[in-house]
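# Observations on the three-dimensional arrangement
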Amino acid sequence: MQTMTEAEAGDKDFERLSEPFRRELLAYCYRMLGSVEDAEEVVQDVYLAAWRAYDRFEERSSLRTWLYRITTRACFKALDNSRRRPLPADLVAPQTNSDAALDAPTREVPWLQPIPDFLFTTAPADPATVVVERQTMRLALIGALQQLPPRQRAVLILRDVLQWRAAEVAELLEMTTAAVNSALQRARTQVPVRRDELTEPAEPQLRALLDRYVAAFETADVDQLVAVLTEDARWEMPPITTWFEGRDTIVAFLTKQMRVIGPATLVAAAANGQPAFAVYARGGDGTYHPHALHVLTLTTDGVARIVAFHGASLFPLFGL
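First things first, this report covers the structure right here in the doc. These numbers were taken from a predicted model, which means no experiment stands behind them.

Attention now goes to the side chain of Asn272. With respect to the element layout, Asn272 can be found in the loop between β3 (264-271) and β4 (274-282). A distance of 3.0 Å separates the side chain of Asn272 from the side chain of Tyr30, its partner in a polar contact. The residues touching Asn272, leaving out its near neighbours within four places in the chain, are Tyr30, Pro114, Ile115, Asp117, Phe120, Arg134, Met137, Arg138, Leu139 and Ile142.

The subject of this paragraph is the packing of helix α8 (residues 150-161) against helix α10 (residues 177-190). Where α8 contacts α10, the two axes come as close as 9 Å, and the packing angle between them is 90°. Comparing their axes, α10 and α8 come out roughly perpendicular. In contact with Gln152, Val155, Leu156, Arg159 and Asp160 of α8, α10 contributes Val180, Ala183, Leu184, Arg186, Ala187, Arg188 and Gln190. Tallied by class, residues from the contact of α8 with α10 come to six nonpolar, two polar and four charged.

Moving on: the nonpolar core. Grouped together as the largest cluster of nonpolar side chains are 69 residues, with contacts concentrated most on Met32, Trp66 and Leu173. Dropping the residues within four chain positions of it, Leu173 is found in contact with Thr72, Phe76, Arg151, Ala154, Val155 and Leu158.

On inspection of all chains with the given rule, the structure shows eleven salt bridges. Here Arg85 ties to Asp38 by a salt bridge, and the two come within 3.3 Å at their closest N and O atoms. Of this pair, Arg85 sits in the loop between α4 (63-80) and α5 (117-120) while Asp38 sits in helix α3 (residues 36-53), placing them 47 residues apart in sequence. On the basis of relative accessible area, Arg85 is assigned to the buried category, the value being 13%. Among the ionic pairs, Arg56 bridges to Asp55, the shortest N-O distance being 3.8 Å.

Its place among the elements puts Val303 in strand β6 (residues 302-310). What makes Val303 buried here is its relative accessible area of 1%. In the structure, Val303 is positioned 78 residues away from Leu225 in sequence and 9.6 Å away in space, judged by C-alpha atoms. Apart from the residues within four sequence positions on either side, Val303 is in contact with Leu209, Tyr213, Val228, Leu229, Thr230, Ala233, Leu296, Thr297 and Leu298.

The next subject is the environment of His289. Looking at where His289 falls in the secondary structure, it is placed in strand β5 (residues 288-299). Each C-alpha atom of the pair His289 and Ala104 lies 21 Å from the other, and the pair is 185 residues apart in sequence. Here His289 is in contact with Val279, Tyr280, Ala281 and Gly283, once residues within four sequence places are set aside. Here the side chain of His289 touches Asp285 through a polar contact of 3.4 Å, side chain to side chain. Side chain to side chain, His289 and Thr287 meet in a polar contact 3.0 Å long.

What counts, and where the lines are drawn
Residues numbered from 1 in each chain as written. Predicted model: local features only at pLDDT ≥ 70, side-chain atom pairs only at ≥ 80, totals over all residues. Heavy atoms only, no water. Helix = DSSP H or I, 4+ residues; strand = E, 2+ residues; numbered from the N terminus. Polar contact = N/O pair within 3.5 Å; in protein donor to acceptor, adjacent residues only side chain to side chain. Contact = heavy atoms within 4.5 Å. Axes fitted to C-alpha atoms, helices over the stretch in contact; angles between N-to-C directions. Parallel < 35°, antiparallel > 145°, perpendicular 65-115°, else oblique. Nonpolar A, V, L, I, M, F, W, Y, C, P; charged D, E, K, R; others polar. Core = buried A, V, L, I, M, F, W, Y, C linked by side-chain atoms within 4.5 Å. Buried < 20%, exposed > 50% of the residue type's maximum accessible area, 1.4 Å probe, protein only. Salt bridge = Lys/Arg side-chain N within 4 Å of Asp/Glu carboxyl O.

Laid out in structure tokens, this is it:
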């Protein structure tokens, strides 16, 4: 009968004890980096580094804290070699002329990426946990975090999102508690993290709103579009820097776009704890092709923001 070696037993222990933290570490990296691809790469590197160092883990802190320490250092290193990830509204003023020519797609910009809900949601989870997960992954918050210096970003996430104590964050980041509190206050002035109720409408109003949104694009119904958008709505289209603000301007722009794109069909998805739709446009051959991924911000007054990520690059990430 073969017996397990001490090294093999250690490998098994590491896998069993560390695997439950993988999903939350991915969410942490995504909040830090604004990219699913970068976050997945960092987490993979972190687990490899932690596995190699596991025999030197002295349990002076919890395994979770130890993994967060390795992960934070890896995120800082990744941020040293990358630029911040914006959305179009972070770069230029809104276009007020719906007839203006769109800027050419800008591939040189490392755009903020959306994340599929299934990559960060935990199961089973109580309803309160689900609400917090959704609130703290919303696209607007992730975009705002990217404007902070890396250390302020980490402090804000650890304190206000993950609810770590100041002393724990100080130990993790090798800072004084006073320095952590100072960094947190500076970060909060730029990025308030709200943990109260979502502003989304409750069912069945939410479902009716989304149904009208789908109908507006699938039938090119301008009246439906007017009905779902808020007066101050935003429409963004990365990797195109041009974006529009205001219901009338957006509707005027999309009315022309719908005629150019032609018939479309929408498939429901979920990104950053928000409703999303994969938009497929019918080509000249009669088949439907990936066109864009729409991530919606809803309020009780309607759809307040649409980030339409153009192109098919995100479709495989969402299993589409």
